[in-house]
Structure formats: C-alpha cells, structure tokens
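# Fold and geometry: a report
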Amino acid sequence: MEDAREVAITKLAELLKHPDDLTTKVGPLTRKLAKEKASIDAQLNTGVQSQLDHVQEGLETLTISSRNIDRVKENMRCIDKLCYDAQSMITDFPRINMISQVHQNFVATQEKVLAFQELYQQLDNLEAAFGPMRNDIFMPQDSLLHVHYHLFKLEEFRDQTMHQARESPRDVIITLKTYFRRVDVLSDDFTQHLWTLARNLIPLVDNRCGATIVKLIKVIEAEETADEKALAAKQVQSNHQDLQGNNTKKWRLAEGNPRKIKSYRVEFFEQLHQSLREHFDEEFIPYKEAEDWQGALDISDFIFDELELVYDQIVPKFPKKYKIFPYFVLEYHRHTYDLLNQMVDHDLDAGTILRLLRFVRDYYATMSTRLGVTEELLEPQLLDGQEQNLVDEYLKLVRDKLVEWTSNIMASESRGFVTRENPPDISPDGQYGLSGAVDLFQLINQQIDVAADANQGKLLYLVINECHKVMKDSQSFWKRLLGTELHKQMEQPLEVPEGFVEYVMALANDQIKCSDFANDILNRVLPIVDAKFKSQVEDKLTTAVEGYMQIAVNAREALLEVTFGDIQSVFADLFTSRWYEQPLIPSVIETLKDYCIDFAHLSSFIFVKLIDDMLERFIILYLEAMRHKSAKFLMDSCLEQIQNDIHMSFKFFENYIPVEKLEERFDVIEKVHTLLESNRRMIFVDYYTLRQAYPDIPLAFVENILSKRDDLDKPALKDIMEGIKAKAREYEPDANTPPTIFSRIKW
C-alpha cells in the first residue's frame, strides 16, 4: 500500500506541475481516469465471469463423473448378485463347487510336495554353479543370471509358502523355516556377491569383465521390477480392504504380495558410495598418516584417469536413468573436497600451501578439458572458495602458540589443584581464585585483536575457531580433573591432601570469570566479523560461555557432595530410636553453618545458587528419611519433633534466603507433617490438599509414611489407602503442570 501511494503521488506530481493545473487539468484528468477505470473494470468483470464459467463447467464434470462412478459400482454389485444367484440355478452346485475346490487343493498340494522334494536338489545345483563365481569375481560370471533366475523362483516359493502358512501352528512355522534355511543362506550369499561386484566396478572393467557389470544391472532391474509389482499389489490390498478376509476369492490381488521389498537399486548406490569412500581411504591413508600432503596431491591423477574409464567403459553398460557418470563425478569430487578440508585442518608449510592452490586450479581445468564437467556442476566448491586465506601463515603461528601456552597454563594449574601444597589465590574482596583464567584470556584476546586488525574475515573466524577449541579443551580438562579429585575425596578422604573444598571454590569462581571473559569477546567480535561467519562465531562463543557455566555447576555440585557427605549418616538415623532419644538436626545445621562460613569465599552468584541447592538437597534427604525401613512415627512425640526440626532448619536458611521463598520451599514438609497428624476422617482432605500442591507425589510414598504411624493398624491403613486411591483417581492434574520436588527424589 505504501508503494502504491508513493507511485500515485509521483504520477500526480508529474501531471500537475503548476498551481494553475489544478483548475485547467483536474477535470479532464478525472474524466480520462474514469474512462480508464471503467475499461479496466469491464475487462476484470469479463475475466472473472470467464473463470467462473470454467469453474462451473469443472464442477458439472466432477458431478457427472461421480454419478458415473456410482453407476459403475451399482452395476458391479448387480453383476456380483447375479453371479451369486446363478449358483442356485445349477443342481448340486455347492457339491460341484466343493469337489472343484478339493481337486484344486489336491493339485496345489501335489505341486507343493513336488517342489519340496526338488528343493534340495535345486539348491545343490545352484550352489555348485554359484561357488566358483563367488570365489573369484573376475572369472566369467556366465551362470549369474541362471542362478538368479532359479534362486528368484525359490524365493518366490518360500515367500508364498510362508505367507500361506502364516496362521499355522508354531511348530509348522519352525519346520518350514528349517526347510528354507538353505534358501535363506544362499539368498544372502548371492546378495553379498552382487554387492561385492558393485563395489568393484572399476576393477571389473580393468580385468575386462564388462559383461559381468551388464549381468549385475540386469539382476538389479529384475529385482526392481518385482519390487514394483509387490508394491502395486500392496497398494491394491490397502485400497480394497473390503475384499480381504472371507471375500478374498473375489479378487486375488486383494491378498497382497508376500514378497519383501529389497530396493536393490538404492542398495547398489549405497554399496558404490561405501566402496568409493574405502577406495579413497586406501589411496590416501598412507599420506594422511605421514602428513605427506604434497605426496597425496601428486598421486591424485588417478581421479581423472578413473573417471575417464567410467565414461568410456561403464556408462555404456548402464541404463540412462541411473545417471551413473554424474554420480561418479560428484562422489569423486566430494571425496576430493573432504581430503582438501582435512589438509587445511593441519599445519601446512609454505610449499604445501602453494601446491594446494595450484592443485585446485588444475583440478577444475582438467575436469573441464578432459571430462567436459564445468566448475558450476562441482559442488561443494573446493576449499569453499577461500584459497587466499591459506597463504596467511599467521594462522599456523596462532595455532602453535595457543597449544603451547595453554598446555603450560593447564599443567601448572592442575599440579596446584591436585597437590594443594599452598592455598589458592585470594582476591581483595575475599574470593578464592586461580591465576590461569586471566592468563588464558590475555593470550586469547591478543590473538583475536591481531586477527581483527588484519581486516580478513576468514582469518578472524579461523582464529576464533582455534580459540574456541582451546576453551573447549580446557573445559574438558577441568571437568575430568574435578571428577577424579571428587572421587578421591569421597572414597579416601583421609588419604588425599587437604584443601579440596577451597580449590573447588577457586575453580568455580574461575569458571565464572572465564564465562564473563568469553561473553565479552562475543560482544566485541560479533559486530566486526563477516556476516557469513557471524552465526558460526556466535554459536562457538556461546557454547564456550555455556561450557564454563557448566563447569561452575559441576564445582557447585562437588561442594554439595562433600558437604552432605559429612552428614549423610545423620539423615539415615532420622525418625529412628536415636532421633527420639536426642535431636539430630542441630548437628546437621551446625555442619551446614560451618560450611557456609567457608563458602563465603565464593562469588555471590555461585553462593546464592549453592544455598538454593543446599536447601533442596536438605528437603529431599529429609523426605527420603521418612521412607527408611527403620523409620517409625510415634505419634505422641514425632509431630512435635518434626516441627522442631523444621523450625531450626528454617531459622538457619532464612539467613540466606528470603522468608517468602523459604516458606514456599518448606511447604512440602509442612503438608507432609499435616498429613501425618491427620485423623482418619480428615486424612483424605489433607491428602487432597497435598496432591493439589504436588501432583507428582507417589501414592507409594503416602502409603509408606502412613504405614509407619503407630496409631494405625493394618485394617485401618488399608481403608485409608483405598479412600486415598479413590481420591487420587478423581483428581486429574494438568498435563502442563511443572514437576515438583518429588520428581527429583529417587524412588
């Protein structure tokens, strides 16, 4: 609309250039435009009417066709009825029909028996003819089509027999499968032989076995034709379900086709793809292992020689629909593309870089002159069109320096983390830390700054890519080291050096710093990186930021494991005789207080997350303790004891967590406490309240804790649980309700 308005204004400006034109030209222009509009409206009306007439004719044709189809259906029903009624006109027709069917069954049974009697002899003959061909693919495959023809018949016989016997007893099915086992084995061996031939097309041509290729294609085409017939029969079967079952005599095609679709043509190209990949691997693997890239380029002339051989010797033997030459060209090109990309991923000296650039130029020229294949048809483009960046030796220096310097930083940091001979560094604000983060990102920022100053988009991207690899490697290193040291700390706490908690806090703070550094790099380079690399750079640096945050999460979890490892045994004694003798939660709270004093050396971000995780772990362990085998709820004292535990825990955590949020988190224990103290009449209401707040609470948990009440005998518990289960069936929680704390408890 805006464009049309602007065009109209421009047109009016051209027509009405002077103020006097408003009085002299407006009238004639209005009449002229009105005539043009009327003419256009008339044309549109004529066109619309014409289209409506065509639509009406089409609808009438569809209506007539529908009537004709209905008439044909009705006539077919009449014919079917006449055929059925005619049976009553023939004297003793049912008997004649039965005798005819018995005769047909006898004949079919006789044919089946003869086929079974001749089965093994046919297999012996086929195996004798197939054996020599299988052992030597370069011998004349004169019997290939003969073997396939008879094997095809045997497979048809097997499929039809198994299909006819599909509703037979299990022992019959097993017996038939035993009879046909040799057919299955021969069929599999023959198929594998075909794919062996498919994987050796070029060697077959080299050994003057072109006739074998022709026979191979004939076999594939025969199997494809059989597949098409089977698919057509299955389509008929699915389209005429009403003719199946008791009415299958009316139309045999409605029974479908028992053949299994083989898709030989698809598998042929898959085997050819695999063979060409293996061929390239065999040719280049020695040079890859030795990193002799110039040698790899020197032997690459076989690509053009073999493609010429394909064009001259193999293409004439294939149907045009296979498009075998374009397939070979693209496969060879893509393997060449992969090879060059592998070369670029390695450190190349100046001579190899120049050789590589010359190879790319000669490659396209040779493809065009010798094979008539233009560069536009060869996708993807070799080196992705970024050849000029290969001459930038600086990328190699960046890679070498990054690896060398980061290895030294990691070695020094890991040694201090494992031995813990000295306490970690501490910042002026009292936070523990490691010096490696600052050193690592000083190095990374230097390399990125230099690459950005070079004003080459690909170079900047490649440098960032290398820096990303360094970041990911350091993350993987810290993840493994943290896991190893945590395992030692938990399994052998007396045999490991002291200071694990302090160093884990230092690592967590360090990873938060690293995530901030990586995010700063992202914000700094995103506006200056080339548009075509922008998304990749953003993905890599975002992944790096997330990786550092994940290591911080792992460190936080390690601190939780150590903290609760010291008090795990106390939770095991909750609600037992020891708990009734003396309060146990005070010792837990004192331990948590001590650890929280130490955790003051964490960054505020991690500390808040850690306290939140600590609260959740505390609540989970408290709820799990209610399910312990030795737990027992003595109703005259346990309710008050639980209330005291909650009060003391609440008082501790409110030092770090807002009261509103804390009340929300402790709500689950409060509701479980209410359920425990409920009498028999109110327990269903309290359960319903609990279920509404926590839809994923397992009934097994409710039954478990109620069974531990000393004021409920088994009959009473049974009645209560039946009522609760009935209540649970009445309540259908919203499917979109998020999981609660009960989903994080191991049941």
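One can find the structure itself at the top, above this paragraph.
Throughout what follows, the structure given in this document is the object of discussion. (Residues numbered from 1 in each chain as written. Predicted model: local features only at pLDDT ≥ 70, side-chain atom pairs only at ≥ 80, totals over all residues. Heavy atoms only, no water.)

## Some thoughts on the overall build of the protein
- For the protein, the count of helices and strands is 28 helices and two strands.
- Per-residue burial over the protein gives 39% buried out of 747 residues.
- Of the roughly 43000 Å² of accessible surface on the protein, 53% is carried by carbon and sulfur atoms. (Helix = DSSP H or I, 4+ residues; strand = E, 2+ residues; numbered from the N terminus. Buried < 20%, exposed > 50% of the residue type's maximum accessible area, 1.4 Å probe, protein only. Areas by Shrake-Rupley, 256 points an atom, 1.4 Å probe, with all protein chains shown as cover.)

## Here's the deal with the side chain of R691
- Mapped onto the secondary structure, R691 falls in helix α26 (residues 683-693).
- Assessed through its relative accessible area of 12%, R691 is described here as buried.

## Digging into the pattern of salt bridges
- What the rule picks out here adds up to 27 salt bridges.
- We note a salt bridge from R665 to E616, for which the minimum N-O separation is 3.8 Å. One end of the pair, R665, is in helix α25 (residues 659-677); the other, E616, is in helix α23 (residues 604-625), and 49 residues separate them in sequence.
- Relative accessible area serves as the criterion here: at 18%, R665 is assigned to the buried category. (Salt bridge = Lys/Arg side-chain N within 4 Å of Asp/Glu carboxyl O.)

## A look at the packing of helix α24 (residues 638-653) against α25
- Their axes nearest at 11 Å, the elements α24 and α25 cross at an angle of 175 degrees. Judged on the interaxial angle alone, α25 and α24 are roughly antiparallel. Between α24, through L639, I642, Q643, I646, S649, F650 and F653, and α25, the contact on the second element is made entirely by V659, L662, E663, F666, I669, E670, H673, L676 and E677.
- Of the residues in the contact of α24 with α25, the class split is ten nonpolar, three polar and three charged. (Axes fitted to C-alpha atoms, helices over the stretch in contact; angles between N-to-C directions. Parallel < 35°, antiparallel > 145°, perpendicular 65-115°, else oblique. Contact = heavy atoms within 4.5 Å. Nonpolar A, V, L, I, M, F, W, Y, C, P; charged D, E, K, R; others polar.)

## Considering the environment of D124
- Considering the arrangement of structural elements, one finds D124 in helix α4 (residues 93-135).
- Between the C-alpha atom of D124 and that of R182, which follows or precedes it by 58 residues, the distance is 9.7 Å.

## Comments concerning α24
- Over its 16 residues, α24 extends 22 Å from the first C-alpha to the last, a length consistent with the 22 Å expected when each residue adds 1.5 Å.
- Where the residues of α24 are buried, they touch α21 (577-581), α22 (585-598), α23 and α25. (Expected span 1.5 Å × (residues − 1).)

## Examining the packing of helix α5 (residues 144-164) against helix α7 (residues 181-198)
- As a packed pair, α5 and α7 sit with axes 11 Å apart at the nearest point and diverge in direction by 140 degrees. Relative to α7, the element α5 is oriented oblique. The hand of the α5/α7 crossing is left-handed. Contacts between α5 and α7 pair L144, V147, H148, L151, L154, E155 and R158 from the former with V183, D184, L186, S187, F190, H193, L194 and L197 from the latter.
- Classifying every residue of the contact of α5 with α7 by side-chain character gives nine nonpolar, three polar and three charged. (Left-handed = near helix turned anticlockwise from the far one by under 90°.)

## Let's talk about unusual backbone geometry
- With omega at 0 degrees, the peptide bond leading from E379 into P380 counts as cis.
- For P380, the position within the fold is in the loop between α14 (350-371) and α15 (394-419).
- If you check the backbone angles, E291 has positive phi at about 55 degrees while not being a glycine.
- As for its position among the elements, E291 is in the loop between α10 (264-290) and α11 (293-298).
- Residue classification places E291 among the partly exposed residues on the basis of a relative accessible area of 47%.

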